Structure formats: structure tokens, C-alpha cells
Amino acid sequence: MKNRRAFRERLEATLLKTKEEENEVFLGLMGLDGLKKVNDVYGHREGDRYISTFSSLLRRVLRPTEIAERIGGDEFAVIFTQCSRQYAQQTIRQLQQQLKEASLSLNFIMRVSAGLIAIESWIETDIDTLLSIADEAMYKQEYRHYRQVRAVIRERDYKGFCGKMAHF
């Protein structure tokens, strides 16, 4: 996919720059939970509304130094630079909260699962591995959201860490 390739190139360039500056970068992958179901039940117009609402909120919460891209149907990626882990986590939580609030007037809940990994300047690994680790963190949260809905459990704020992965 064209967007995924462009994002990979931006990530690679950012990592090269980070290595020179010996900084840490955070990679966040986000997936819109239930987008396919929204399309199937409410139609593609509502699915498009879901995507555009999320995109708008994403642009609003990010600083100009962050790089964000839609990399697939329901997947978005963000490169957080010049910030702490706490800032990246707080930004994602803020985005999740705003998306939840934006869905109050709709027939469905908009929710985003996110995986966040730290990429330190000394790490020697390829882009595919980094994306795969962030993807795994995102899918773990999506699975938790799915289990919550099925079990009708009240909503919780997941903050656990698993190695370098943060689950929200």
C-alpha cells in the first residue's frame, strides 16, 4: 500500500536522524475498533465519518514534530519525536477519550486500540520488526476491548507495560 510505504520511508529517515542525535523515538500504531462492523451495520458513510472524526482528532492532539499517517483501512501510525514516553502515552489517552466523547451522539462507540513502543537510538533492527512489535501491542489492546464488550465489563484504563510495549 502506498501510504504504508511512505510511512516506512519517513520512519526510516526519522530513525537515522535519531541515531545521529542519540534520541529516543516512540512509534504508535492505532486501529479503529469495529470499523468493519460500522460499515456493515450503518453503511460506509458512517464508516467514513468514523475515519474522518478520528483523523481530525489526531491532527488536533499532535504537535507539528509528530508524523502521522493512515497506513491501512483502519490503521494509523504516529512517530513521536522530541518527547517523553509519558507525553506519548498521554497524547494517545487524550485521543482515545476525545474519540469516545465524540461518539456519544452516534449509534455506535468509536474506539481506538493503540500500541506504543520506544525506539532507542542504539537499537539495531529493521523497520519490519519495529512495526511488527507495535502491531502486536495494538492487537493486544484490541483483544482486550473485544473481550470487554463481549463480557459487558465496565470500561477500564489499561496502562500495563510488556517490555518496551505500552498497552492502553
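To keep things clear, this report deals only with the structure shown in the data block. On a predicted model such as this, the values are computed, not experimentally measured, just so you know.

What counts and how
Residues numbered from 1 in each chain as written. Predicted model: local features only at pLDDT ≥ 70, side-chain atom pairs only at ≥ 80, totals over all residues. Heavy atoms only, no water. Helix = DSSP H or I, 4+ residues; strand = E, 2+ residues; numbered from the N terminus. Buried < 20%, exposed > 50% of the residue type's maximum accessible area, 1.4 Å probe, protein only. Contact = heavy atoms within 4.5 Å. Arc of directions from axis to C-beta. Core = buried A, V, L, I, M, F, W, Y, C linked by side-chain atoms within 4.5 Å. Pairing = 2+ DSSP bridges.

### A word on the side chain of Thr 91
You can see Thr 91 is positioned in helix H4 (residues 85–102). Residue classification places Thr 91 among the buried residues on the basis of a relative accessible area of 4%. Not counting residues up to four positions away in its chain, the partners in contact with Thr 91 are Val 61, Leu 62 and Phe 80.

### Focus on helix H2 (residues 35–42)
If you check which residues of H2 are buried, you get Leu 35, Val 38 and Asn 39. The buried side chains of H2 occupy one side of the element, clustering within an arc of 100° when seen end-on. For H2, the exposed residues set more than 90 degrees away from the buried face come down to Lys 36, Lys 37, Asp 40 and Val 41. Taken together, the buried residues of H2 touch strand E1 (24–33) and helix H3 (44–61). Positive phi appears at Gly 43, one or two residues downstream of H2, with a value of about 100°.

### Some words on the environment of Leu 35
Topologically, Leu 35 is positioned in helix H2. By relative accessible area, which is 7% here, Leu 35 ends up buried. Residue contacts for Leu 35: discarding those within four places in its chain leaves Gly 47, Tyr 50, Ile 51, Gly 73 and Asp 74.

### Focus on the nonpolar core
Met 30, Leu 32, Tyr 50, Phe 54, Leu 58 and Phe 80 are the most contacted members of the largest nonpolar core, which has 27 residues in total. A per-element tally of this core places H3 first, with six residues. Each residue touching Leu 58, except ones within four places of it in the same chain, is listed here: Met 30, Ala 68, Phe 76, Val 78 and Leu 95. Grouped together as the second largest cluster of nonpolar side chains are twelve residues, Leu 15, Leu 27, Ala 77 and Ile 79 included.

### Section: the environment of Ile 119
Mapped onto the fold, Ile 119 is located in strand E4 (residues 111–120). Relative accessible area serves as the criterion here: at 3%, Ile 119 is assigned to the buried category. Separated by 94 residues in the primary sequence, Ile 119 and Val 25 place their C-alpha atoms 5.1 Å from one another.

### Some thoughts on unusual backbone geometry
Of note in this structure, Gln 82 is not a glycine but carries a positive phi near 50°. Secondary-structure assignment places Gln 82 in the loop between strand E3 (75–80) and H4.

### Some points on the pairing of E1
The buried fraction of E1 amounts to nine of the ten residues, a majority that puts the element mostly inside the structure. Direction of pairing for E1 relative to E3: antiparallel, over a ladder of six bridges. Of the residues in E3, the one forming a bridge with Met 30 is Phe 76.

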